[in-house]
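# Understanding the architecture of this molecule
The residues making up each chain are set out below.
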Amino acid sequence: MPTHYFEVNNVRTSGSTAAVGTDGVKAELSTTHVAYIQQSTVTTAHKTAAVNQLAHAMKLYNTADISTLSDVVDDLVTAAATAAEDTSPWQQRVGKGVWQITYGYAAGTNAAALTSAITNSVVIDLE
């Protein structure tokens, strides 16, 4: 009965002209967007719902980019408790933002499991 926690943050600092963000550094005034799955059996529909929630928050509309995000979410759910910073390196440039994903896992599907997943979450490396 797992809990999978996903968080996306804009990591491109204000005034930066770089094409990539600063690994693990959330931009000032950037909102943290969250999606999580709490199910005994995680199905494709659950993963798709999480991907859609994250894509919407990032204003990610390109189907190829959403497909890439979906692959990353699938990789992280598969890795579960063994997910590490290099499990599925990813970043997404959208407009002036560069998005990075954070992933956490915990056994259980209650509020304590969600808190544990958040506490133990790891920032996935930029590409």
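Relevant structure appears above.
This section reports on the structure supplied with the text. (Residues numbered from 1 in each chain as written. Predicted model: local features only at pLDDT ≥ 70, side-chain atom pairs only at ≥ 80, totals over all residues. Heavy atoms only, no water.)

Secondary-structure assignment places glutamine 100 in strand E4 (residues 97–107). Looking at glutamine 100, its side chain comes within polar contact range of the side chain of aspartate 23, at 2.4 Å. Of note is the side chain of glutamine 100, whose polar atom sits 2.8 Å from the backbone nitrogen of glycine 24. Excluding its chain neighbours within four sequence positions, the residues that come into contact with glutamine 100 are Glu7, Val8, Asn9, Val11, Thr22, Asp23, Gly24, Trp90, Val123, Ile124, Asp125 and Leu126. (Helix = DSSP H or I, 4+ residues; strand = E, 2+ residues; numbered from the N terminus. Polar contact = N/O pair within 3.5 Å; in protein donor to acceptor, adjacent residues only side chain to side chain. Contact = heavy atoms within 4.5 Å.)

Counting buried positions over the 11 residues of E4 gives nine, a clear majority of the element. Relative to E4, strand E1 (residues 2–10) is paired through nine bridges, and the arrangement is antiparallel. Each residue of the ladder has a partner; that of threonine 3, found in E4, is alanine 106. As judged from the three bridges shared by strand E3 (residues 92–94) and E4, these two strands associate in the antiparallel manner. What sits directly across from glutamine 92, in E4, is tryptophan 99. (Buried < 20%, exposed > 50% of the residue type's maximum accessible area, 1.4 Å probe, protein only. Pairing = 2+ DSSP bridges.)

For the rest of this paragraph, the subject is the pattern of salt bridges. Following the criterion strictly, the structure yields one salt bridge and no others. Note that aspartate 74 and lysine 47 form a salt bridge whose closest N and O atoms lie 2.5 Å from each other. Of this pair, aspartate 74 sits in helix H2 (residues 63–79) while lysine 47 sits in helix H1 (residues 44–58); the two residues are 27 residues apart in sequence, bridging distant segments of the chain. Among the residues examined, lysine 47 registers a relative accessible area of 17% and is labelled buried. (Salt bridge = Lys/Arg side-chain N within 4 Å of Asp/Glu carboxyl O.)

The biggest cluster of nonpolar side chains holds 25 residues, and the ones touching the most others in it are Phe6, Leu54, Leu69, Leu76 and Ile101. If you list the elements that add at least two residues to this core, you get E1, strand E2 (33–38), H1, H2 and E4. It is H2 that provides the largest number of residues to this core, a total of six residues. If near-sequence neighbours (up to four positions away) are discounted, leucine 54 is found in contact with Phe6, Val8, His33, Val34, Ala35, Leu69, Val73 and Ile101. Residues Tyr5, Ala113, Leu114 and Ala117 belong to the second largest nonpolar core, which totals five residues. (Core = buried A, V, L, I, M, F, W, Y, C linked by side-chain atoms within 4.5 Å.)

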